[in-house]
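Here is what each chain is made of, one letter per residue.
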Amino acid sequence: MPSESVHARPSFQLPTHTPVAGALRAVESFLLRGGQQTARRNAWASVVADRQRAKDRREAEHEMAALLTEAPGDAVRD
């Protein structure tokens, strides 16, 4: 049985085009110039990509576990 994380978080995306998000981006562009702003955005893109890879890996593990626990006669044959 695969271990479940105690700290599982719901998978949802925050809207990126809201008035608050626009205001935060304006403050960010004022406070973080050029390279710092790019570095922060690159770091966030990496976090999002890592989360997606982790989600994909968990789904693949669940699929493999389901296939391994299937009875031999249950498999569809060509």
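Residues numbered from 1 in each chain as written. Predicted model: local features only at pLDDT ≥ 70, side-chain atom pairs only at ≥ 80, totals over all residues. Heavy atoms only, no water.

Trainee: Got a minute to help me understand the overall build of the protein in this structure?
Mentor: Summing up its helical and strand segments, the protein has two helices and zero strands in all. Going through the 78 residues of the protein one by one, you find that 5% of them count as buried. (Helix = DSSP H or I, 4+ residues; strand = E, 2+ residues; numbered from the N terminus. Buried < 20%, exposed > 50% of the residue type's maximum accessible area, 1.4 Å probe, protein only.)

Trainee: Sorry, what's going on with the pattern of salt bridges here?
Mentor: Pairing is possible between side chains of opposite charge, provided their charged atoms come close. Considering all chains together, one arrives at one salt bridge under this definition. Salt-bridge contacts for aspartate 50 lead to arginine 53; the nearest nitrogen and oxygen are separated by 2.2 Å. Of this pair, aspartate 50 and arginine 53 are both found in helix α2 (residues 34–69), three residues apart, which corresponds to roughly one turn of the helix. (Salt bridge = Lys/Arg side-chain N within 4 Å of Asp/Glu carboxyl O.)

Trainee: I would appreciate a short explanation of the packing of helix α1 (residues 19–31) against α2 in the present structure.
Mentor: Between two packed helices, the angle of one axis relative to the other and the distance separating the axes together describe the packing. Where α1 meets α2, the closest approach of the two axes is 8 Å, and the angle between their N-to-C directions is 130°. When the interaxial angle is binned, α1 and α2 end up oblique. Residues Arg25, Glu28, Ser29 and Leu31 of α1 touch α2, and the partners they reach there are Gln36, Gln37, Arg40 and Arg41. Of the residues contributing to the contact of α1 with α2, the split by class is one nonpolar, three polar and four charged. (Axes fitted to C-alpha atoms, helices over the stretch in contact; angles between N-to-C directions. Parallel < 35°, antiparallel > 145°, perpendicular 65-115°, else oblique. Contact = heavy atoms within 4.5 Å. Nonpolar A, V, L, I, M, F, W, Y, C, P; charged D, E, K, R; others polar.)

Trainee: Is there a simple way to think about a nonpolar patch on the surface in this case?
Mentor: Where nonpolar side chains cluster on the molecular surface, the patch consists of Val27, Phe30 and Leu31 and spans about 330 Å² of accessible area. Residue classification places leucine 31 among the exposed residues on the basis of a relative accessible area of 57%. (Patch = residues over 30% accessible without salt bridge, like charges linked within 9 Å, V, L, I, M, F, W, Y side chains within 5 Å. Areas by Shrake-Rupley, 256 points an atom, 1.4 Å probe, with all protein chains shown as cover.)

Trainee: Sorry if this is basic, but what is going on with the confidence of the model for the protein here?
Mentor: Close inspection of predicted coordinates is inappropriate for parts of the model with low pLDDT. When pLDDT is averaged along the protein, the result is 78; 68% of the residues meet or exceed 70. Long-range and interchain partners of residues 1–6, a stretch whose pLDDT sits below 50, account for two contacts in this model, where long-range means more than four residues apart. (pLDDT = per-residue confidence, 0-100.)

Trainee: What is the right way to look at the environment of arginine 41 in this model?
Mentor: Note on placement: arginine 41 falls in helix α2. Looking at arginine 41, the relative accessible area reads 36%, which means it is partly exposed. Apart from residues no more than four positions distant in its own chain, arginine 41 is found in contact with Arg25 and Glu28.

Trainee: Looking at this structure, how should I read the side chain of glutamine 37?
Mentor: For glutamine 37, the position within the fold is in helix α2. Residue glutamine 37 is classed as buried on the basis of its relative accessible area of 15%. Ignoring sequence-local partners within four residues, the contact set of glutamine 37 consists of Glu28, Ser29 and Leu32.

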